[in-house]
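Listed here are the chains, written in short residue letters.
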Amino acid sequence: MKIAPSILAADFTKLGEEIKEVEAAGADLIHIDVMDGHFVPNITMGPAVVEAIRSITELPLDVHLMIENPDQYIEAFAKAGADYMTVHVEASPHLHRTLDEIKKQGIKSGVVLNPATPAESIKYVLDNIDMVLLMTVNPGFGGQSFIHSVLPKITEVRNMGLKHGVQFDIEVDGGINPETAKLCKEAGATVLVAGSSIFQQKDRKKALLEIRKEIV
Ligand code: DX5
Ligand code: ZN
C-alpha cells in the first residue's frame, strides 16, 4: 500500500523542506490539492506550485483537481510535472474524453467520487483509468472527519475492477489516520492520502510510520 501525504496541511512558508521531510520518512506519492473556489468553496494552488514541487522531489506527484472545467487545465498541469491527474466525475460532463486527454499527456489518469456519488458512475470508463479516488470527506478542506459510509464503496469499486478484469489503484482521501487507514485497507484501498495526520504532527516520520504500521 502507498501513502500520499497531502501538502494542503503543510506549512507553506517552507513547503520544500516539508516535502523533503515526508520523502525521507518514506512517503510514496505527494498529493497536491488544486481547488478553484467554484467546484469547492476554497482556493489553493495551480500549475506554478506543481512545477516548483517537481523541481525538488523525485516522488510521483498526485494532482487532485477539484475544479470546474478540468479539460482546460490538463495540459498545464501535465507540463508542470504531474504524474497522476484525477478529475471529479461531478465536474466532468465529458468524463471519457477528459480521461483520454489526460492519457494523451502520457500520465496516469484517475476519477474522483464525492462521498454521495455512486460507484456505478465509473462503470463505463473502467478501461480508461489507472486510479479511482474515493473521497472520505466532502472536498474543500483538510482536517475533517472520516465518513464511514464510504467504506462499502471501496469494496464495491474493487469488485467492479475484478469483475471487469482491469487493475487500478483505489485511493482514499479525507480524515485518514492510523485507525481509519486500517479500515480502508480492509475494505480494499491501495493508496492513502493523509494531510493533517502527517503534517499537523511534530514528528512527521513517526506519524507516517504509525499509519504504515496499520497497513502492513
Ligand atoms: C480535501 C482534500 C484532501 C485533504 C485531506 O478536499 O482533497 O486531500 O488535504 O486532508 P485530511 O487528511 O486532513 O483530511
Ligand atoms: Zn485531495
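Quick caveat: nothing in here was measured; it's all calculated off a predicted structure.

## Focus on the UniProt feature "binding site: substrate" (unreviewed entry) in the protein chain
Per the UniProt record, the feature "binding site: substrate" (unreviewed entry) sits at Ser6, His64, Gly140, Phe141, Gly142, Gly143, Asp173, Gly174, Gly175, Gly195 and Ser196. Considering the arrangement of structural elements, one finds Gly143 in the loop between β6 (131–135) and α5 (151–164). Mapped onto the elements, Gly175 comes out in the loop between β7 (169–173) and α6 (178–187). According to the C-beta neighbour criterion, Gly175 is buried, with 23 such atoms within 10 Å. Sequence-distant contacts of Gly175, defined by excluding residues within four places in its chain, comprise Thr136, Val137, Gln144, Ser145, Phe146 and Thr180.

## What to know about the nonpolar core
Val63, Met85, Leu134 and Leu192 are the most contacted members of the largest nonpolar core, which has 63 residues in total. Leave out the neighbours within four places in its chain, and Met85 touches Val63, Leu65, Ile74, Phe77, Ala78, Ile102, Ile107, Ser109 and Gly110.

## With respect to the UniProt feature "active site" (unreviewed entry) in the protein chain
Taken from the UniProt record, the annotation "active site" (unreviewed entry) applies to Asp33 and Asp173. Judged by maximum C-alpha separation, these annotated positions cover 141 residues in sequence but sit close together in space, the widest gap being only 10.5 Å. Here Asp33 is to be found in strand β2 (residues 30–35). Sequence-distant contacts of Asp33, defined by excluding residues within four places in its chain, comprise Ser6, Leu8, Thr44, His64 and Met66. Structurally, Asp173 is set in strand β7. With sequence-adjacent residues up to four places away left out, Asp173 is seen in contact with His64, Leu133, Met135, Thr136 and Val193.

## A word on the sheet that holds β6
What the 8 strands build is an open sheet, ordered β1-β8-β7-β6-β5-β4-β3-β2; its pairing is parallel. The sheet is open, and its two borders are formed by β1 (2–5) and β2, each paired with just one other strand. Each strand of the sheet is rotated relative to its neighbour by a mean of 25°, with strand direction disregarded. With 6 bridges joining them, β2 and strand β3 (residues 61–66) adopt parallel strand pairing. Considered in β3, the bridge of Met35 is made with Met66. The strands touched by helix α4 (residues 95–104) within the sheet are β4 (84–88) and β5 (108–113), with β5 carrying the most contacts at an inclination of about 145°.

## What to know about the site of ligand 1
Neighbouring ligand 1 are 21 residues, the closest being Ser6, Pro139, Gly142, Gly195 and Ser196. Of the residues assigned to the shell around ligand 1, the class counts are 7 nonpolar, 12 polar and 2 charged.

## As for unusual backbone geometry
Even without being glycine, Asn69 reaches a positive phi, approximately 50°. When you line up the elements, Asn69 lands in the loop between β3 and α3 (74–80). According to the C-beta neighbour criterion, Asn69 is partly exposed, with 14 such atoms within 10 Å.

## Section: the packing of α6 against helix α8 (residues 204–215)
Taken N-terminus to C-terminus, the directions of α6 and α8 make an angle of 30°; their axes are 8 Å apart at the nearest point. With respect to α8, the element α6 is oriented roughly parallel. When the axes of α6 and α8 are compared, the crossing they make is right-handed. Touching Pro178, Ala181, Lys182 and Lys185 of α6 are Glu210, Ile211, Lys213, Glu214 and Ile215, all from α8. Its residues assigned to classes, the contact of α6 with α8 shows 4 nonpolar, no polar and 5 charged.

Rules behind the numbers
Numbering of residues starts from 1 in every chain and runs along the sequence as written. Lettering for chains starts from A, numbering for ligands starts from 1, and both go in the order in which the items are written. Note on the predicted model: pLDDT of at least 70 is required for a residue's local features to be given, and 80 or more for side-chain atom pairs to be given and counted; whole-chain, interface and lining totals, by contrast, use all residues. UniProt positions are given in the numbering used here, feature names are shortened, and annotations may be inferred rather than shown by experiment. A run of DSSP states H or I qualifies as a helix once it reaches four residues; a run of E qualifies as a strand once it reaches two. Both are numbered from the N-terminal end. As a rule, residues whose C-beta atom has 12 or fewer other C-beta atoms within 10 Å are exposed, those with 20 or more are buried, and those in between are partly exposed; C-beta atoms are placed from the backbone. We call two residues in contact if the C-beta atoms placed from their backbones are at most 7 Å apart. Buried Ala, Val, Leu, Ile, Met, Phe, Trp, Tyr and Cys residues form a nonpolar core when they are connected through C-beta atoms within 7 Å. When DSSP finds at least two bridges between two strands, those strands are taken to pair. To obtain an axis, a line is fitted to C-alpha atoms, over the contacting stretch when the element is a helix, and the angle between two such axes runs from 0 to 180 degrees between their N-to-C directions. The C-beta atom of each residue is placed using the backbone, and any residue whose C-beta lies within 6 Å of a molecule or strand is treated as near it. Nonpolar residues are Ala, Val, Leu, Ile, Met, Phe, Trp, Tyr, Cys and Pro. Charged residues are Asp, Glu, Lys and Arg, and all others, Gly as well, are polar. Orientation categories follow fixed angle ranges, with anything under 35 degrees roughly parallel, anything over 145 roughly antiparallel, 65 to 115 roughly perpendicular, and all other angles oblique. For any pair of crossing helices, the crossing counts as left-handed if the nearer helix is rotated counterclockwise from the farther one by less than a right angle, and right-handed if it is rotated clockwise.

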